[in-house]
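# Structural description and commentary
For reference, the chains in residue letters:
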Amino acid sequence: IYFDLFEPYVNPSYVKDEYWIPKNYITYGKKTAYEELMDWEKINFCTRDTDTVWECGHKFPKENDAIWHPNENGYKYLSQWLINKIKEIYE
């Protein structure tokens, strides 16, 4: 599968209708994996809509004394996100 991690590899505004984009390019014209993770963190860990662990100094706002690696919870989430995308393609 192909997916955009931090930024789109292909800008949809430059793609002509006759070009074929494979269905296994799972983020084409959609959120990148990074954006997906940020949205998930905002819903599950942050107290304000603008903060994620990446933007608040590796500390979740709910636990100001705790130091976290930015991907401590994100690895599990993104792994499941990828598994679900693969299932969508091949089922």
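Placed above this text is the structure.
Presented here is a report on the structure given in the accompanying data block. Values in this document were obtained by computation on a predicted structure and should not be read as measured data.

### Examining the nonpolar core
- Listed in full, the nine residues of the largest apolar core are Ile26, Ala33, Leu37, Met38, Trp40, Tyr77, Leu78, Trp81 and Ile89.
- For this core, the elements supplying multiple residues, two or more each, are α1 (33–44) and α2 (74–90).
- Excluding anything up to four places from it in sequence, Trp81 contacts Phe3, Ile26, Thr27, Ala33 and Glu36.

### Some remarks on the pattern of salt bridges
- For the coordinates displayed, the defined rule picks out two salt bridges.
- For Glu36, the salt bridge goes to Lys31, with nearest N and O atoms at 3.9 Å.
- The shortest N-O distance in the salt bridge between Lys31 and Asp39 comes to 2.7 Å.
- Take Lys31: its relative accessible area is 38%, and that puts it in the partly exposed class.
- By relative accessible area, Asp39 is classed as partly exposed at 30%.

### Here we look at α1
- Spanning twelve residues, α1 covers 16 Å between terminal C-alpha atoms, matching the ideal 16 Å at 1.5 Å per step.
- Restricting attention to buried positions, one finds in α1 the residues Ala33, Glu36, Leu37, Met38, Trp40 and Glu41.

Here is what the cut-offs are and how they apply
- Residues numbered from 1 in each chain as written.
- Predicted model: local features only at pLDDT ≥ 70, side-chain atom pairs only at ≥ 80, totals over all residues.
- Heavy atoms only, no water.
- Core = buried A, V, L, I, M, F, W, Y, C linked by side-chain atoms within 4.5 Å.
- Buried < 20%, exposed > 50% of the residue type's maximum accessible area, 1.4 Å probe, protein only.
- Helix = DSSP H or I, 4+ residues; strand = E, 2+ residues; numbered from the N terminus.
- Contact = heavy atoms within 4.5 Å.
- Salt bridge = Lys/Arg side-chain N within 4 Å of Asp/Glu carboxyl O.
- Expected span 1.5 Å × (residues − 1).

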